[in-house]
Amino acid sequence: MKSSLEQKTASRACCRVLLLSIFITLLLPLTYAAPINSTHADGMIAWGNSTLNNPTYRIWNGTQADFKNERTDTQDLGTDTQWLTLRANPRRDEWVMITTDDTPSIDVQIYNGTHWTNLLELTSTSLQTTQRTDIAFEQKSGDALIIYEKGTTNDQLLYYRIWNGSAFSAETNFSTGFAGTADVIWARLYVKTATDQIMLVAENDLNDLWAILWNGTNFEPATNISASNDVVDAT
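Because the structure is a prediction, the values reported are computed rather than measured.

Trainee: What is the right way to look at the overall build of the protein in this model?
Mentor: For the protein, the count of helices and strands is one helix and 14 strands. Classification of the 235 residues of the protein by burial places 40% in the buried group. Across the protein, contacts joining residues at least 24 apart in sequence account for 45% of those joining residues at least 6 apart. With an accessible surface of roughly 12400 Å², the protein has 54% of that area assigned to carbon and sulfur atoms.

Here is the structure:
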C-alpha cells in the first residue's frame, strides 16, 4: 500500500499533467491561426507610402505577432497611393489589390503567392476624395469581382471586371439606380458564404443608399434602402 506522502506526490503529478494538458489545449488555437484559404496559411497587410510609388506590405506567417519584413516589390504605380483595398482568395493562393493614387488613376494587381503581376489601369479619370472601389471573391468559383467608379461626371454608373485567376474580363458598366445628378461617393461589396452571390452597397452624394445584387453572372436591378433625408455615417 502507498504511503500518504506517495499518494500526495502522485496526486500533485496528476494535477500538473492535467494543468499542462489544459494549457496546451488553450495555447494551440492562439498560436496557430486558421488558414485564410484552402492552400495557404499566410496573411497579408498592405498600405500606401507617401514617399514611394509602390504600395508597401508585410506577410503574416500564421502566428499571432510574427509579421515578415516590410516589402515594396509591388507593381510601380508612378505616384503614391491614396486608397487601397486588399482581398484574399478563399479558393487559391492569391491576393488582389486595388489602389487609387493622386493622379488620380485606379489600378489593380495580383499577388500569385510568389510575386505581384498583372498590373492593369482601370481608369485615369477618377476622384480620390472618397473610396469608390472594392473587391470581393465569389466563394464557390474563386473569381474576383472588382468594382470601381470612373470619370468626374454624375452619370450614376459603376464599372466592373472579373479576374478568373489568369485574365481580366472586359470592362462592363451598370446603373446604380441613382436619380438625377447624384453620383457614387462610396461603394462596398459583401459576400454571401458558400455562394457566388455578392451584395454591392453604394452611397451617393445625396446620402441615398442603394443595394445591388451580383448573382454570379451579372448585377440585378438596384434597390433603394435609405432615402436621401437620412444621413449615412457608415456602411
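Trainee: Explain the pattern of salt bridges to me, please; I cannot follow it from the model alone.
Mentor: Any two side chains of opposite charge can pair, on the condition that their charged atoms come close. All told, the structure shown has seven salt bridges when counted by the stated rule. A salt bridge links R92 to E94, with the nearest nitrogen and oxygen atoms 3.1 Å apart. With relative accessibility at 5%, the residue E94 sits in the buried group. We note a salt bridge from E171 to K150, for which the minimum N-O separation is 3.1 Å. Here E171 is found in the loop between β9 (157-163) and β10 (172-175), whereas its partner K150 is found in the loop between β8 (144-148) and β9, with 21 residues between them in sequence. On the accessibility criterion, E171 (30% relative accessible area) is partly exposed. A single salt-bridge network, built from bridges that share partners, covers R132, E149 and D183.

Trainee: What is the right way to look at the sheet that holds strand β3 (residues 81-88) in this model?
Mentor: Strands sit in the order β3-β4-β5-β6 across an open sheet of four strands; the sheet is antiparallel. The open sheet has two edge strands with one neighbour each: β3 and β6 (116-123). Across the sheet, the mean angle from the axis of one strand to that of its neighbour is 20 degrees, orientation sign disregarded.

Trainee: How do you make sense of unusual backbone geometry when you look at a structure like this?
Mentor: Leaving glycine out, the prevailing phi sign among residues is negative, and the prevailing peptide bond configuration is trans. Residue P104 is bonded to the preceding T103 through a cis peptide linkage, with omega at 5 degrees. When you line up the elements, P104 lands in the loop between β4 (95-101) and β5 (106-111). Look at A194: it is not a glycine, yet its phi comes out positive at around 65 degrees. Look at A194 and you get exposed, because its relative accessible area is 56%.

Trainee: Explanation requested: the packing of aromatic side chains in the structure shown.
Mentor: Remark: the centre distance and the inter-plane angle together describe each pair of aromatic rings, the angle taken between the planes. Tallying each qualifying case throughout the model produces 12 aromatic pairs. Here the aromatic rings of W83 and W186 are separated by 5.7 Å at their centres, their planes lie at 85 degrees, and the arrangement is edge-to-face. In this pair, W83 sits in strand β3 while W186 sits in strand β11 (residues 184-191), placing the two residues 103 residues apart along the sequence. In this structure W186 comes out as partly exposed when scored by relative accessible area, which is 25%. On the basis of an interplanar angle of 70 degrees and a centroid distance of 5.5 Å, the ring pair of Y160 and F219 is categorised as edge-to-face. Here the residue Y160 occupies a position in strand β9, and F219 occupies one in the loop between β13 (209-214) and β14 (223-226), the gap between them amounting to 59 residues.

Cut-offs and rules
- Residues numbered from 1 in each chain as written.
- Predicted model: local features only at pLDDT ≥ 70, side-chain atom pairs only at ≥ 80, totals over all residues.
- Heavy atoms only, no water.
- Helix = DSSP H or I, 4+ residues; strand = E, 2+ residues; numbered from the N terminus.
- Buried < 20%, exposed > 50% of the residue type's maximum accessible area, 1.4 Å probe, protein only.
- Contact = heavy atoms within 4.5 Å.
- Areas by Shrake-Rupley, 256 points an atom, 1.4 Å probe, with all protein chains shown as cover.
- Salt bridge = Lys/Arg side-chain N within 4 Å of Asp/Glu carboxyl O.
- Pairing = 2+ DSSP bridges.
- Axes fitted to C-alpha atoms, helices over the stretch in contact; angles between N-to-C directions.
- Phe/Tyr/Trp six-rings, centres within 6.5 Å; stacked < 30°, edge-to-face > 60°.

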